[in-house]
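In case you want the letters, here they are:
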Amino acid sequence: MSTPSPQAMVIQRGDYRAPSYQIPEIILDLRLDPENTEVLAHLHFRRVAASPVAELPLNGEALELLSLQRDDQVLAEHEYRLTEDGLVLLNPPETFVLKTKVRLHPAANTALSGLYHAGGQFLTQCEAEGFRRITYMLDRPDCLARFTVTLHAPQKHCPVLLANGNCMAMGREAEGWHWARWEDPFPKPTYLFAMVAGDLAVVRDRYRTASGRDVALEIYVAERDTAACVQAMDSLKRAMRWDEEVYGREYDLDRYMIVATDSFNMGAMENKGLNIFNAKYVLASPETATDSDYQGIESVIAHEYFHNWTGNRVTLRDWFQLSLKEGLTVFRDQEFSADQNSRGVQRIGDVRRLRAAQFPEDAGPLAHPVRPEAYSEINNFYTATVYEKGAELIRMIHTLLGKTQFRQGMDLYFQRHDGHAVTIEDFLAAMEAANQRDLSGFRRWYSQAGTPVLRASGSYDPVQHSYTLTLHQETPATPGQSTKEPVPIPVRMALLNTQGQRAPLSGAIEGPDGEAVLLLEQREQSWTFVNLPDPVIPSLLRGFSAPVRLESAWDDEACGFLACYDDDPFNRWESIQNLAVKALLAAVADSSVTPLPAVLRDATASILRDDALDPAFRAELLTLPSEDYIGEQMSVVAVEAIHRARDTLRQDIGARFAEKWMALYHDLAAPYQRDGLAIGRRRLRNLALSHLIASDGDSREAMALHARQQYAQADNMTDRLAAFQLLVQHPHHDAKDILLDFYRKWHGYPLVIDKWFSIQAATPRPETLHQVEHLLVHPAFDWRVPNRVRAVLGGFAANPTVFHAADGSGYAFYAEQIRRLDDINPQTAARLATPLSRWRRYDAQRQQAMRAALTMLADKAKLSRDLAEVIQRSLP
Ligand code: ARG
Ligand code: ZN
């Protein structure tokens, strides 16, 4: 296998050229063998460039060429050239059929890109550029082909043979082999190609579309997992209905297949008619999956389904447009989940994720615009910026245009571009044309990296009875972009009077819910609201209407007021978070300061008292900001002080309200149910348990006993795991027996064992590093399974005091593992390396240690292009 050179070419967005040939038809024939698979391809070429070309390069990687013919003639030496990254056809005719035969080695493909053999199954992952590891081809999204695929395999090992589209024929052949032929009537780019072969059971259901067509739904899993597909199937049907109701989009094939695997680099893949999924987003039973696992399944199943229109029917011209499908599809899956569950709680979770992953990315050396300008390895751009910030941009367009107008824009987008490979520009143009709106300023959101800082100040004029609000924006410099223009920021807002009621918004255009949407387009603008007999407090950026950092001039009293009275759930949550962050930062700066000042205490008390509040929302309000989020608010992250302050605050809140927590813990106990209310109650109850265990009072020991009992007797994984985690991570608790017990119970369930690994790796204790070394040689650890690797290394990197240990031991250890992983799975190695890029956020000693870790990696022999790019951008 050839390793890409680290100084690989940088691809520039501006260099896009339309292909000189199209391949409208491709016929594939695969003889599947784990060691040596043979792939025969017939590619029907048609020149689209006006004049002949001297060279036609086809992509190919890690392929062994066995034969090469053009129109049934063996190609002569002067008619082609083999290169490091493919095959160049010299002076090709205007139309021709190219026949290639190549050999590949699926079992050795631990990168899990292209065709690989893992867990006894043959699987493919072609996005972004995996198809070139299967056969020579124009492996680019603007080449759409109709695929006919024949699979051959031994019947015994691979009774199931699947590919995109419809199964046209099957048959037996010599020596116990069999075959199946599949045809996909929809032309598609190579990245949407998929095939699966293996010994799989199938769970079937049916769906009738709005226009009355019947669709067969099939989920392929291991035989023992067939009972664990209920949530996946149910989510799929709900997603299909939702896309019909909200966007008027129906499914277009007779069959929709989902395959689950333990060996997958990402969450899931939207291959036409044949989605391939990380098992984590398919399998769930109450005994093995937590409530958040269930929610993850619902959203990823929906996400991949929604891609059928936003991604597949309308696809990408080139990879710089990735957010065209991903940002839009994340927005669609977030809205789907908001409609299925509580909208406010969903929004809080979405923003929490955005801030945890995208804000740090946007503030560091890996910052890039939602539509990047350059890449060397496209797999490094499946980022929180392209996905989550991309979704926020779509959400802002939705806010600016309104729901009906947004739908009109979507309709026009589909009408204009169905069956084509297009750009973000085409999407914006459709939104504009359908609504006679001008979004030219909005385009800056796609080209400019960095998170804008929005500063708000206001004053009430008791004589004029008016309130003037001033908003100011500024985007910090990011790599390669030193000066920034203002961007249009939609600020949803309301005014509240001192009784907590809405005050009129005379002076601004009022929206449908009695809110206004202010559009800040300049660096600074002011708005004056009149007819206000009493002072008011503004509720700004409701629902987090733009992906910015809001810095408001409100004092603690105003924040405390909003934490109790704001009628926007997101903003209410935000206010209490702000109070907690402020208190924690004060305690970080001076350890003698209490992290539980009166305003925060009173706000907490009022939420704890409010039994009428939705329990899920109540749990959100009472959940403390994470250590990472607190660190994000500091110029230099004070690792230990943050950990201490947050622990103390948790303890103080636990002790101060011990009685109330205890009452919640007892009152919320209930037999397992799956509805939203039950989920919220579990969450709140486990939060109570964590506060009680953290508290320093007499209750602590008693609660540890409760936790042991909950661990032993829980009738569901949410409760069991919550207790397990508290006990394992408890500083005064010996966890050996419970770790053993858990492993013994669940060793047959890889997804549960991932939790076992990650909770240990995330335990904030000095001896964790040593323990993680042991985990890496545990018999159940496997470098080839990304979920397992992520459980341990991802868990470790999310463990602030251990990963960021002052002596640099965490970094050195971590980099060593990344180095090892790079030889096995470059994509996952590059992704896991990104926490090291944040070195500028730490003190001098840590900076040095983090840089040393990166330098050690940079010096690695046979560094992958993936990891090389991350390091090179991290260490300019
Ligand atoms: N398109 C997939 C999604 O639904 C992600 C696939 C990314 N795969 C990769 N190797 N980069 O988001
Ligand atoms: Zn996607």
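Conventions used here
- Residues numbered from 1 in each chain as written.
- Chains lettered and ligands numbered in written order.
- Predicted model: local features only at pLDDT ≥ 70, side-chain atom pairs only at ≥ 80, totals over all residues.
- Heavy atoms only, no water.
- Salt bridge = Lys/Arg side-chain N within 4 Å of Asp/Glu carboxyl O.
- Helix = DSSP H or I, 4+ residues; strand = E, 2+ residues; numbered from the N terminus.
- Buried < 20%, exposed > 50% of the residue type's maximum accessible area, 1.4 Å probe, protein only.
- Donors = N, O, S within 2.8 Å, 3.2 Å for Na, K, Ca; no water.
- Tetrahedral: all angles 85-135°; square planar, octahedral: opposite > 155°, others 65-115°.
- Expected span 1.5 Å × (residues − 1).
- Contact = heavy atoms within 4.5 Å.
- Pairing = 2+ DSSP bridges.
- Axes fitted to C-alpha atoms, helices over the stretch in contact; angles between N-to-C directions.
- Near = heavy atom within 4 Å.
- Polar contact = N/O pair within 3.5 Å; in protein donor to acceptor, adjacent residues only side chain to side chain.
- Areas by Shrake-Rupley, 256 points an atom, 1.4 Å probe, with all protein chains shown as cover.
- Nonpolar A, V, L, I, M, F, W, Y, C, P; charged D, E, K, R; others polar.
- 1 Å grid on protein atoms, 1.4 Å probe; cavity = no way out; pocket = protein on both sides within 12 Å on 5 of 7 lines; lining within 4 Å.
- Points joined across faces, edges and corners; volume = space filled by probe spheres on them.

Oppositely charged side chains can pair when the atoms bearing their charge come close. Tallied over the full model, the rule gives 69 salt bridges. Arg 455 is the partner of Glu 551 in a salt bridge, and the nearest nitrogen-oxygen pair spans 3.1 Å. Highlighted residues: Glu 551 in strand E32 (residues 549–552) and Arg 455 in strand E25 (residues 453–461), separated in sequence by 96 residues. You can call Glu 551 partly exposed: its relative accessible area is 40%. For the salt bridge of Asp 843 with Arg 846, the shortest nitrogen-to-oxygen distance reads 2.6 Å. Note on Asp 843: relative accessible area 23%, which makes it partly exposed. A single network of salt bridges, built from pairs that share partners, joins Arg 492, Arg 502, Glu 515, Arg 542, Asp 566, Asp 567 and Asp 568.

Looking now at the coordination of the zinc ion (ligand 2). At this site the zinc ion (ligand 2) is bound by His 303 (NE2), His 307 (NE2), Glu 326 (OE) and Glu 326 (OE), with donor distances of 1.9 to 2.7 Å. Bound by six donor atoms, the zinc ion (ligand 2) shows angles of 48 to 160 degrees at the metal and therefore irregular coordination geometry. Along the chain, the residues that donate to the zinc ion (ligand 2) are spaced as H-x3-H-x18-E. Accessibility expressed as a relative area gives 8% for His 303, which makes it buried. Looking at His 307, the relative accessible area reads 0%, which means it is buried.

Turning our eyes to something else, we now look at helix H24 (residues 809–822). Helix length check: H24 (14 residues) gives 20 Å between terminal C-alpha atoms against 20 Å at 1.5 Å per residue, within 8%. Among the residues of H24, those classed as buried are Gly 810, Tyr 811, Phe 813, Tyr 814, Ala 815, Gln 817, Ile 818, Leu 821 and Asp 822. Looking at the buried residues of H24, the elements they touch are helix H21 (768–775), helix H22 (786–797), helix H23 (800–803), helix H25 (826–833), helix H26 (844–858) and helix H27 (865–874).

A separate point is the sheet that holds E25. What the four strands build is an open sheet, ordered E30-E26-E25-E32; its pairing is mixed. The sheet is open, and its two edges are formed by strand E30 (524–529) and E32, each paired on a single side. Each neighbouring strand pair of the sheet contributes to a mean axis angle of 20 degrees, computed without reference to strand direction.

When you line up the elements, Ser 635 lands in the loop between helix H13 (627–632) and helix H14 (639–656). Each C-alpha atom of the pair Ser 635 and Asp 843 lies 9.7 Å from the other, and the pair is 208 residues apart in sequence.

Before going further, it helps to examine the site of ligand 1. Residues in contact with ligand 1 amount to 15 residues; listed here are only the nearest, Glu 127, Glu 270, Glu 304, Asn 379 and Tyr 387. Between Lys 325 and ligand 1, the recorded distance is 3.3 Å, taken from a side-chain N or O atom to a nitrogen atom. Coverage of ligand 1 by the protein amounts to 97% of the 350 Å² it exposes when considered alone. Of all the secondary-structure elements, those providing two or more residues to the shell around ligand 1 are strand E20 (268–269), helix H2 (291–306) and helix H3 (322–340). Across the shell around ligand 1, the residue classes tally to five nonpolar, five polar and five charged.

So, about helix H20 (residues 750–761). For H20, which comprises twelve residues, the first-to-last C-alpha distance of 16 Å matches the rise-based estimate of 16 Å (1.5 Å per residue) to within 8%. Within H20, nine of the twelve residues are buried, leaving the element largely enclosed by the surrounding structure. The set of residues buried in H20 consists of Val 752, Ile 753, Asp 754, Lys 755, Trp 756, Phe 757, Ile 759, Gln 760 and Ala 761. Along its buried surface, H20 packs onto H2, helix H18 (717–729), helix H19 (736–746), H21 and H22.

The next subject is empty space enclosed by the protein. Scanning all chains against the criterion turns up three cavities of 30 Å³ or more. Residue lining of the largest cavity: Ile 576, Gln 577, Ala 580, Leu 600, Thr 604, Leu 621, Leu 622, Thr 623, Leu 624, Pro 625, Ile 653 and Trp 661, and that is the complete set. Going through the elements one at a time, helix H10 (569–589), helix H11 (598–609) and helix H12 (615–622) are the ones with two or more residues in the lining of the largest cavity. Per element, the largest residue contribution to the lining of the largest cavity is three residues, and it comes from H10.

Right, let's talk about the sheet that holds strand E7 (residues 80–83) for a bit. Spatially, three strands are ordered E4-E8-E7 in an open sheet, and the strand pairing comes out antiparallel. This sheet does not close on itself; its edge strands, each paired only once, are strand E4 (55–59) and E7. Strand-to-strand twist of the sheet, defined as the mean angle between neighbouring strand axes without regard to direction, takes the value 20 degrees.

To continue, consider unusual backbone geometry. Note: most peptide bonds trans; most residues except glycine with negative phi. With an omega dihedral of 0 degrees, the bond running from Glu 127 to Ala 128 counts as a cis peptide bond. A positive phi angle is found at Glu 175, which is not glycine, with a value near 55 degrees. Within the fold, Glu 175 resides in the loop between strand E14 (166–172) and strand E15 (177–188). In this structure, His 465 is a non-glycine residue whose phi angle is positive, near 55 degrees. Topologically, His 465 is positioned in the loop between E25 and strand E26 (466–474).

Among the secondary structure elements, Arg 765 is positioned in the loop between H20 and H21. With a relative accessible area of 18%, Arg 765 lands in the buried category. At 2.8 Å, the side chain of Arg 765 forms a polar contact with the backbone oxygen of His 730. Beyond its immediate stretch of four places on either side in the chain, Arg 765 contacts Leu 727, Val 728, Gln 729, His 730, Pro 731, His 733 and Val 802.

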